[in-house]
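Per-entry structural report
Residues per chain, in single letters:
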Amino acid sequence: MGLLKNRWKYSDFFRLFNFRDEHSVGRSILLANTLITTVANIFVSGVFYTGFLTVSGIDIVRVGIITFIPYIAWGFSLLSPVLLSKFKRRRGLLLFNHIFYYACVVLATTVMPAFVADYNQRTIWFAIFLFAGNVLNALVGSGTTAWHIHFLPDGDDRNIFFSYSNLISTVVGTVVAIASSVFADSLTGSPQQGQIITILRMVALVLFILCGLLLYLVPQEYPYPKSADKKVSVLDIITVPIHSKKFLLTALIVMLWNAVSSLNGSTWSYYVLNTVGVGYTYMYIGSVVSALGSVFLLKYWRRAINYYSWFTILLVTVFVTGLMEFPIGFSTSSTKWVYVVVSIIQGLNAVGTSLVFANLFYINLPHGNMDIFITFWNLTANISALIGSVAGTWFISVTEPHGPWMILGLPFYGSQFLVWIKFILLMGVCVYIKLIIPHIQPDRD
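My aim in this report is to walk through the structure given alongside it, one point at a time.

Thresholds applied
- Residues numbered from 1 in each chain as written.
- Predicted model: local features only at pLDDT ≥ 70, side-chain atom pairs only at ≥ 80, totals over all residues.
- Heavy atoms only, no water.
- Helix = DSSP H or I, 4+ residues; strand = E, 2+ residues; numbered from the N terminus.
- Rg over C-alpha atoms; globule rule 2.2 N^0.38 Å.
- Areas by Shrake-Rupley, 256 points an atom, 1.4 Å probe, with all protein chains shown as cover.
- Lys, Arg positive; Asp, Glu negative; His and termini not counted.
- Charge placed at Lys NZ, Arg CZ, Asp CG, Glu CD.
- Buried < 20%, exposed > 50% of the residue type's maximum accessible area, 1.4 Å probe, protein only.
- Contact = heavy atoms within 4.5 Å.
- Phe/Tyr/Trp six-rings, centres within 6.5 Å; stacked < 30°, edge-to-face > 60°.
- Expected span 1.5 Å × (residues − 1).
- Bend = angle between axes of the 7 residues up to and from the residue.
- Core = buried A, V, L, I, M, F, W, Y, C linked by side-chain atoms within 4.5 Å.
- Axes fitted to C-alpha atoms, helices over the stretch in contact; angles between N-to-C directions.
- Parallel < 35°, antiparallel > 145°, perpendicular 65-115°, else oblique.
- Left-handed = near helix turned anticlockwise from the far one by under 90°.
- Nonpolar A, V, L, I, M, F, W, Y, C, P; charged D, E, K, R; others polar.
- Patch = residues over 30% accessible without salt bridge, like charges linked within 9 Å, V, L, I, M, F, W, Y side chains within 5 Å.
- Salt bridge = Lys/Arg side-chain N within 4 Å of Asp/Glu carboxyl O.
- Polar contact = N/O pair within 3.5 Å; in protein donor to acceptor, adjacent residues only side chain to side chain.

Points about the overall build of the protein chain
What the protein chain contains, in helices and strands, is 20 helices and 2 strands. For 445 residues, the compact-globule estimate of 2.2 N^0.38 gives 22 Å, and the protein chain sits close to it at 22 Å. Its C-alpha atoms give the protein chain principal-axis dimensions of about 60 × 50 × 45 Å. Only carbon and sulfur atoms are counted for the fraction: they give 69% of the accessible area of the protein chain, which is about 20100 Å². Computed over 27 positive and 17 negative side-chain charges, the separation of the two mean positions in the protein chain equals 4 Å.

Spelled out as structure tokens, the structure:
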């Protein structure tokens, strides 16, 4: 018992997550938020979100259109640094934003179908509520990162921090997702399935509010750095990051990744669920593998990052992700095994992918007004995702009504052709990463 106690006392986990000082308290709150938010997000995103939209009468094209809304709203983030610069303390503002956001995107969208019968009107109201919540979040939400970045450790400890954060997120999220999916699958074809999904969304709302209370009432709030020579302007959001070459080149990786990933980010699960006929439970096969991979393989990913560098592992994970887009295009109602096999490989790769992308923003982050760089990063990432989502939805709207096409004895729809386009584009992203790696190595402080 004494040996176990000592191992725990001197472990990396206990060293980073304890309540001995305000920084450790902050990290512990962030970890608790990760755990609770992971559970809540299961019920309002991904497969369950697709299921909610499906039972609400939203077809695959409308699903894609609704996805545009948050990205469009993020255009207002250009005003974020100007607005936030007027607040020396942001605790109350950020808590209000948190509650208002989830009241719009979870509560309002959940109860609205009970009052609106027409499917077209439902789509419009979905868009209104999503737009309202995301506009305010775009204006003030980035202030959260500028506050909580003080709790993140430096160097290898940041690798450890994100490792444990991703581990807990993946394992807990997968367990909850599978348990909920088994329950949802057992009600397939029953009117109760829609009711259960609605109840789970309300449970998620309560969890999100709890997260807000933890994030904005418990941790210490620090002064926010500002530019000493002039006030923040909207133009600074573009000009300042552009003059930081390494930060800009790193941000371009995320822009390209988001654009390509968003091509079918909202429609692929709809296709797999409704056309391929994969149940809720099997939709999470990749998450199960990722959870197991996080438990048993995460330390090896960390070692690989320390040995080869963040960007080399990034290149590997993006390449594997792109490579898997080709075979998964053969997923049909008669070849569900293809979806399962590819999902297993993607699940293993996702352990490294999520770890690398979680740290990418901080690697070449310049010193100075944090709000400017956070806003630039979020804005460009969302614009890229919007471009990809619009392009993918347009492609689906043009091709899906004319399918299926028979190829090699299998039915093919626009959704399958779209993943092949992703395969080609992600190979292009790999070329870009390979070319810029020598130019984005972090400076040694």
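Regarding the environment of Trp257
Tracing the backbone shows Trp257 in helix 13 (residues 245–261). A relative accessible area of 15% places Trp257 in the buried class. The sequence separation of Trp257 and Ala381 amounts to 124 residues, and the corresponding C-alpha distance is 8.8 Å. Each residue touching Trp257, except ones within four places of it in the same chain, is listed here: Val318, Thr321, Thr353, Phe357 and Leu426.

Notes on unusual backbone geometry
What is expected of a backbone is that most residues other than glycine have negative phi and most peptide bonds are trans. Of note in the backbone geometry, Ser309 takes a positive phi value of approximately 100° without being a glycine. When you line up the elements, Ser309 lands in the loop between helix 16 (285–308) and helix 17 (310–328).

Some details on the packing of aromatic side chains
Across all of its chains, the model carries 30 aromatic pairs by this definition. Aromatic pair Phe412 and Phe417: ring centres 6.2 Å apart, planes at 15°, arrangement stacked. For Phe412, a relative accessible area of 0% corresponds to the buried category. One aromatic cluster in this structure is built from Phe17, Phe161, Phe162, Tyr164, Phe247, Phe361, Tyr362, Phe373, Phe376 and Trp377.

A word on helix 16
Here helix 16 contains 24 residues, and its C-alpha end-to-end distance of 29 Å is more than 12% below the 34 Å for a straight helix at 1.5 Å per residue. When the local axis directions of helix 16 are compared, the greatest deviation, roughly 65°, occurs at Leu297. For helix 16, the set of buried residues is Gly286, Val289, Ser290, Ala291, Gly293, Ser294, Leu298, Trp301, Arg302, Ala304 and Ile305. Just past helix 16, the residue Ser309 takes up positive phi, approximately 100°.

Description of the nonpolar core
Core analysis: the biggest nonpolar cluster contains 68 residues, and Ile253, Phe311, Leu314, Val318, Leu360 and Ile433 have the highest contact counts within it. Formed by 28 residues, the second largest nonpolar core is a distinct cluster that contains Leu53, Tyr102, Met112 and Leu130.

Examining the packing of helix 13 against helix 19 (residues 370–399)
In the contact formed by helix 13 and helix 19, the axes pass within 7 Å of each other and the chain directions differ by 30°. The pairing of helix 13 with helix 19 is recorded here as roughly parallel in orientation. Regarding helix 13 and helix 19, the two cross each other, and that crossing is right-handed. Counted together, Phe247, Leu248, Thr250, Ala251, Val254, Met255, Asn258 and Ala259 of helix 13 and Phe373, Phe376, Trp377, Thr380, Ala381, Ser384, Ala385 and Gly388 of helix 19 form the full contact between these two elements. Class assignment for the residues of the contact of helix 13 with helix 19 results in 11 nonpolar, 5 polar and no charged.

Some points on a nonpolar patch on the surface
A cluster of nonpolar side chains, Leu292, Val295, Phe296, Leu297, Tyr300, Ile344 and Leu348, forms an exposed patch at the surface whose accessible area comes to about 640 Å². Going through the elements one at a time, helix 16 and helix 18 (336–363) are the ones with two or more residues in the nonpolar patch. Examining the composition of the nonpolar patch, we find that 5 residues originate from one element, helix 16, more than from any other. With respect to the secondary-structure elements, Leu292 resides in helix 16.

Overview of helix 8 (residues 119–140)
A rise of 1.5 Å per residue sets the reference length of helix 8, with its 22 residues, at 32 Å; its end C-alpha atoms lie 32 Å apart and thus fit the reference within 8%. Taken together, the buried positions of helix 8 are Arg122, Thr123, Phe126, Leu130, Gly133, Asn134, Val135, Leu136, Asn137, Ala138, Leu139 and Val140. Its side-chain oxygen 3.1 Å from the backbone nitrogen of Asn120, Asp118 forms the N-cap of helix 8.

Re the pattern of salt bridges
One pass over the structure, following the stated rule, counts 1 salt bridge. Note that Glu325 and Lys422 form a salt bridge whose closest N and O atoms lie 3.3 Å from each other. With Glu325 in helix 17 and Lys422 in helix 20 (residues 414–436), this pair connects stretches of sequence that are 97 residues apart. Under the relative-accessibility criterion, Glu325 is labelled buried at 7%. Given the relative accessible area of 7%, Lys422 is considered buried.

Comments concerning the side chain of Asn97
Looking at the element boundaries, Asn97 is found in helix 7 (residues 91–111). In this structure the side chain of Asn97 is engaged in a polar contact, spanning 3.0 Å, whose partner is the side chain of Asn137. When near neighbours in sequence (up to four residues on either side) are disregarded, Asn97 contacts Leu136, Asn137, Val140 and Gly141.

Quick notes on the side chain of Asn382
Summarising the element assignment, Asn382 is placed in helix 19. Here Asn382 falls in the buried class, since its relative accessible area comes to 13%. Not counting residues within four places of it along the chain, the set of residues in contact with Asn382 comprises Tyr71 and Trp74.

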